[in-house]
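Here are the chains, one letter per residue:
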Amino acid sequence: MSIAGAVAVKDNDEGFAHRMSYRRAISDRWRLGAIVFFNDRGGDYRYRRLAAEAMYQFASSDTGWNSAIQVRGRLADGNDGPGRVRVAWLNRWRPINGPEVRMIALASRDFGENPGDGLALETRGEATWRIGADVSVGAQVFNRYNTTAAFGSFQTQRHSIGGVIKGPLTDRISYRVNALGGLSDAAPDLELRVRLRLTL
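The text that follows walks through the structure, step by step, so that each part is easy to find. Because the structure is a prediction, the values reported are computed rather than measured. (Residues numbered from 1 in each chain as written. Predicted model: local features only at pLDDT ≥ 70, side-chain atom pairs only at ≥ 80, totals over all residues. Heavy atoms only, no water.)

Structural notes on the overall build of the protein
Logical step 1: Check the secondary structure of the protein and you find 0 helices and 12 strands.
Logical step 2: Helices and strands in the protein line up, N terminus first, as β-β-β-β-β-β-β-β-β-β-β-β.
Logical step 3: Against the globule reference of 16 Å for 200 residues, the protein gives a C-alpha radius of gyration of 17 Å, in line with a compact fold.
Logical step 4: Oriented by its inertia axes, the alpha-carbon framework of the protein measures out at about 45 × 35 × 30 Å.
Logical step 5: When each of the 200 residues of the protein is scored for burial, the buried share is 28%. (Helix = DSSP H or I, 4+ residues; strand = E, 2+ residues; numbered from the N terminus. Rg over C-alpha atoms; globule rule 2.2 N^0.38 Å. Buried < 20%, exposed > 50% of the residue type's maximum accessible area, 1.4 Å probe, protein only.)

Focus: the packing of aromatic side chains
Logical step 1: Counted according to the given criterion, the structure contains 2 aromatic pairs.
Logical step 2: Here Trp30 and Tyr56 contribute two aromatic rings whose centre-to-centre distance is 5.0 Å and whose plane-to-plane angle is 50°, an arrangement assigned as tilted. Here Tyr56 lies in strand E4 (residues 46–59) and Trp30 lies in strand E3 (residues 30–39), a separation of 26 residues in the sequence.
Logical step 3: Judged by relative accessible area, which is 32%, Tyr56 ranks as partly exposed.
Logical step 4: Centre to centre, the rings of Phe58 and Trp65 are 6.2 Å apart; their planes meet at 75°, and the pair counts as edge-to-face.
Logical step 5: Looking at Phe58, the relative accessible area reads 36%, which means it is partly exposed. (Phe/Tyr/Trp six-rings, centres within 6.5 Å; stacked < 30°, edge-to-face > 60°.)

Comments concerning the pairing of strand E7 (residues 100–111)
Logical step 1: Pairing of strand E6 (residues 83–93) with E7 involves 11 bridges; the strand directions are antiparallel. Bridge assignment links Gly83 to a residue of E7, and that residue is Phe111.
Logical step 2: Judged from the 9 bridges that link them, E7 and strand E8 (residues 120–130) form a sheet pairing that is antiparallel. The residue of E8 that forms the bridge with Leu106 is Glu122. (Pairing = 2+ DSSP bridges.)

Details of the side chain of Asn178
Logical step 1: Here Asn178 lies in strand E11 (residues 173–182).
Logical step 2: Looking at Asn178, the relative accessible area reads 5%, which means it is buried.
Logical step 3: In terms of polar contacts, Asn178 uses its side chain to reach the side chain of Gln140, at 2.8 Å.
Logical step 4: The contact partners of Asn178, leaving out residues within four places of it in the chain, are Gln140, Gly163, Val164, Glu191, Leu192 and Arg193. (Polar contact = N/O pair within 3.5 Å; in protein donor to acceptor, adjacent residues only side chain to side chain. Contact = heavy atoms within 4.5 Å.)

Examining the environment of Ala34
Logical step 1: Along the chain, Ala34 turns up in strand E3.
Logical step 2: The exposure class of Ala34 is partly exposed, given its relative accessible area of 35%.
Logical step 3: Spatially, the C-alpha atoms of Ala34 and Ser21 are 5.7 Å apart, while their sequence positions differ by 13 residues.
Logical step 4: Discounting residues that sit within four places of it in the chain, Ala34 has contacts with Met20, Ser21, Tyr22, Ala51 and Ala52.

What follows is the structure, given as structure tokens:
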């Protein structure tokens, strides 16, 4: 189970969101989960949407390449736009020596009432180095390329870069804190994210 919160600032306009998720492995390769989202979009903090996901891991290694396909469905309920199906390709390299590297490619499609056109495309990257027994630090980059119907220019897409610090607090609780700065006009000027994860 994990709890995540985020604060974004764009031209002195702040926004807050958080989510609660629960994921459970049903085999060595399959994991199922559910996520509940809340935010204060429109000045009204409340429940926004529910999503369900399934992940299949087809490559696993303690000191090498890990890879999985994750499918997430956002249920349309009238609170926060149309429904959405998202497919993510998750990759992690964790060598014995050197940085841990994560790369994610995502594609999503709206459905239901007032859906957007085309496929929305994203990529994310992260490299972290362990600087102590319980602390890792690194850099991240987040890219949203709009949709295949209208990619637009770099400035109309959302590109951000920043740093991350993460590690375990106890045997069952871990944390992740990252701060992102916008590289393009459409991205938030500053985005701060905090996540706590509890392993049951």
